[in-house]
Amino acid sequence: MDINWYPGHMTGAKRKMQEDIKLCDVVIELLDSRIPRGSKNPDLTTLAAQKKRVLILNKADMADDEITGQWKKYYEDEGYYVVLMDSRNRKQTLKITDVVRTACKDKIERDKKRGIIAPRPIKAMVAGIPNVGKSTFINSYVGKATAKTGNKPGVTRGNQWIRISKDINLLDTPGILWPKIESEETGLSLAFIGSINDNILELTELAYRMIIRVEELYPGRVLKYYELDDSEVKEDILYKIAEYKKCVKKGSEPDIEKTAKLVIDDLRQGRLGRLSLEKP
Ligand code: G4P
């Protein structure tokens, strides 16, 4: 599958990110808990290597609890502070304040020792690829609609500083992807979670590949959901799902494109249950 996912405006955004990272004490990166490796921006890993780093395993409510627990440990062992989260839940997002303070305890101690009466607030950058839930997180955390939400990967916003408390300022950055996605599997995962604009994807192929992937990891999950008798996924599965969903064009011909969209949506919205597509 040939995916051209890197719109020109993202190059500029990366340059801006590089400059902004220099201003910050800590970088908070949101990952999608269903693909914690695939949704982690390698550019950011390099650019923020010298900073304190917090990872939010977002949409944890949509992933396999046990595997998400393994990812938490994996990234903690790499030196990250890791928080599991459902960003739609404000209470959960508020945990970040303590995590940021803990991550920046050296700075806080240093300021104290120097006797600074009004220390400079901690500057925390918030980053994440499109559709990872960054706006949802910021809106919940800040408590009002400051960040724009929407399901349009590739639509950038300007960077924005947000005052959280007298000791923490957040820098909201646009959701960007990196120029070269190393494997087709990662490309597929990113398409799966809706981080690559659907307009540039071949949806029937994507749906088919998504079904195969889920069936490999969770045998029977897709077949059972669409009440198919088959013991394995066959090439005509979209036709069978079209029949099951009564998804037909005029003249009773199955509407495969529409069926593909339905399947993709069912999987993305978690209707087939919690899924983790990657293991550490
Ligand atoms: P972005 O800024 O990173 O691009 O993502 P955004 O916040 O717009 O979120 C993308 C979608 O993911 C939204 O759903 C949002 O509700 C959902 N979302 C964000 N965080 C979580 C989470 O922790 N758990 C779950 N289950 N969903 C989350 P949408 O369908 O595009 O819109 P809507 O449902 O808000 O109408």
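What you see is a predicted model, and the numbers here were worked out from it, not measured in a lab. (Residues numbered from 1 in each chain as written. Predicted model: local features only at pLDDT ≥ 70, side-chain atom pairs only at ≥ 80, totals over all residues. Heavy atoms only, no water.)

Draft legend 1. Seen up close, the site of the ligand. Near the ligand there are 20 residues, and of these Asp-61, Ser-87, Lys-134, Ser-135 and Thr-136 occur at the shortest range. The side chain of Asn-58 places a nitrogen or oxygen atom 3.2 Å from an oxygen atom of the ligand. Within the backbone of Lys-134, a nitrogen or oxygen atom sits 2.8 Å from an oxygen atom of the ligand. Expressed as a share of its isolated accessible area of 710 Å², the protein-covered part of the ligand is 73%. Broken down by element, the shell around the ligand gets its largest block of residues, 3 residues, from helix α7 (residues 134-142). Split by residue class, the shell around the ligand holds 5 nonpolar, 10 polar and 5 charged. (Near = heavy atom within 4 Å. Polar contact = N/O pair within 3.5 Å; in protein donor to acceptor, adjacent residues only side chain to side chain. Areas by Shrake-Rupley, 256 points an atom, 1.4 Å probe, with all protein chains shown as cover. Helix = DSSP H or I, 4+ residues; strand = E, 2+ residues; numbered from the N terminus. Nonpolar A, V, L, I, M, F, W, Y, C, P; charged D, E, K, R; others polar.)

Draft legend 2. Looking closely at the side chain of Ser-39. The topology assignment puts Ser-39 in the loop between β1 (26-32) and α2 (42-47). On the basis of relative accessibility, which here comes to 0%, the residue Ser-39 falls in the buried class. At 3.0 Å, the side chain of Ser-39 and the backbone nitrogen of Asp-32 are in polar contact. What Ser-39 contacts, discounting residues up to four positions off in sequence, is Glu-29, Leu-30, Leu-31, Asp-32, Ile-129, Trp-178, Leu-190 and Ile-193. (Buried < 20%, exposed > 50% of the residue type's maximum accessible area, 1.4 Å probe, protein only. Contact = heavy atoms within 4.5 Å.)

Draft legend 3. Region of the structure containing the packing of helix α9 (residues 203-217) against helix α11 (residues 237-244). For the pair α9 and α11, interaxial distance at closest approach is 10 Å and the crossing angle is 95°. Taken as axis vectors, α9 and α11 run roughly perpendicular relative to one another. Here Thr-204, Ala-207, Tyr-208 and Ile-211 of α9 lie close against α11, whose contacting residues are Ile-237, Leu-238 and Ile-241. Class assignment for the residues of the contact of α9 with α11 results in 6 nonpolar, 1 polar and no charged. (Axes fitted to C-alpha atoms, helices over the stretch in contact; angles between N-to-C directions. Parallel < 35°, antiparallel > 145°, perpendicular 65-115°, else oblique.)

Draft legend 4. Focus on the packing of aromatic side chains. Tallying each qualifying case throughout the model produces 7 aromatic pairs. Between Phe-137 and Tyr-141, the ring centres sit 5.4 Å apart and the planes meet at 15°, which makes this aromatic pair stacked. Taken together, the positions of Phe-137 and Tyr-141, both in helix α7 and 4 residues apart, correspond to about one turn of that helix. Classification of Phe-137 as buried rests on a relative accessible area of 0%. Among the residues examined, Tyr-141 registers a relative accessible area of 4% and is labelled buried. Consider the rings of Tyr-226 and Tyr-244, whose centres lie 6.3 Å apart with planes at 80°: the pair is edge-to-face. (Phe/Tyr/Trp six-rings, centres within 6.5 Å; stacked < 30°, edge-to-face > 60°.)

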